[in-house]
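Survey of secondary and tertiary structure
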Amino acid sequence: MRLAIDNEMQQFIDEKLRAGRYASAEDVVRAALAALRQQEFLGDFASGELESLLAEGEQSISSEGTLDADEAMLARRHRRSTRGADHP
């Protein structure tokens, strides 16, 4: 497979290669695709949402102890689905 990469993306790839973290352009693309897969798996956050959730979690830990991770994710999914129903 061949891909056309614009100049900005080519410069980004070149920067990563110069930094020495990746051995090839293919490695940079593989890492980008892995990050995209992870982002899609975890879900997209609205601007500032992740920071807000982290602050909420830190406050909760300080005042109430730790949260169950599964319950927290279910609550987040419920909030997102409820918000989606309100905003077609």
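Residues numbered from 1 in each chain as written. Predicted model: local features only at pLDDT ≥ 70, side-chain atom pairs only at ≥ 80, totals over all residues. Heavy atoms only, no water.

**Overview of the environment of Ala-4**
Along the chain, Ala-4 falls in the segment before α1 (7-19). You can call Ala-4 exposed: its relative accessible area is 83%. When the C-alpha positions of Ala-4 and Arg-83 are compared, they lie 38 Å apart, and in sequence the two are 79 residues distant. (Helix = DSSP H or I, 4+ residues; strand = E, 2+ residues; numbered from the N terminus. Buried < 20%, exposed > 50% of the residue type's maximum accessible area, 1.4 Å probe, protein only.)

**Quick look at the packing of α1 against helix α2 (residues 25-42)**
α2 packs onto α1 with a crossing angle of 110 degrees between their chain directions and a minimal axis gap of 9 Å. On the basis of their axis angle, the class for α1 and α2 is roughly perpendicular. Across the interface between the two elements, Ile-13, Lys-16 and Leu-17 of α1 pack against Ala-25, Val-28 and Val-29 of α2. Its residues assigned to classes, the contact of α1 with α2 shows five nonpolar, no polar and one charged. (Axes fitted to C-alpha atoms, helices over the stretch in contact; angles between N-to-C directions. Parallel < 35°, antiparallel > 145°, perpendicular 65-115°, else oblique. Contact = heavy atoms within 4.5 Å. Nonpolar A, V, L, I, M, F, W, Y, C, P; charged D, E, K, R; others polar.)

**Let's talk about the pattern of salt bridges**
Summed over all chains, the structure comprises three salt bridges. Notably, a salt bridge pairs Arg-76 with Glu-49, separated by 3.9 Å at the nearest N-O pair. Remark: Glu-49 occurs in helix α3 (residues 49-64) and Arg-76 occurs in helix α4 (residues 69-86); sequence separation between them is 27 residues. Residue Arg-76 is classed as buried on the basis of its relative accessible area of 5%. When its relative accessible area of 13% is taken as the criterion, Glu-49 is described as buried. Close ionic contact of Arg-80 with Glu-49 constitutes a salt bridge, the shortest N to O distance being 3.2 Å. Of the two residues, Arg-80 sits in helix α4 while Glu-49 sits in helix α3, which places them 31 residues apart along the sequence. Three or more residues joined by partner-sharing salt bridges are found here, namely Glu-49, Arg-76 and Arg-80. (Salt bridge = Lys/Arg side-chain N within 4 Å of Asp/Glu carboxyl O.)

**Focus on a nonpolar patch on the surface**
Taken together, the side chains of Met-1, Leu-3, Ile-5, Met-9, Phe-12, Val-29, Leu-33 and Leu-36 present a nonpolar region at the surface, about 820 Å² in accessible area. Among the elements of the structure, α1 and α2 are those that each provide at least two residues to the nonpolar patch. By the element assignment, Ile-5 lies in the segment before α1. (Patch = residues over 30% accessible without salt bridge, like charges linked within 9 Å, V, L, I, M, F, W, Y side chains within 5 Å. Areas by Shrake-Rupley, 256 points an atom, 1.4 Å probe, with all protein chains shown as cover.)

**What to know about the side chain of Glu-49**
For Glu-49, the side chain forms a polar contact with the side chain of Arg-80, separated by 3.2 Å. The contact partners of Glu-49, leaving out residues within four places of it in the chain, are Asp-44, Arg-76, Arg-80 and Arg-83. (Polar contact = N/O pair within 3.5 Å; in protein donor to acceptor, adjacent residues only side chain to side chain.)

Remember that the coordinates give geometry; whether it matters functionally is a separate question.
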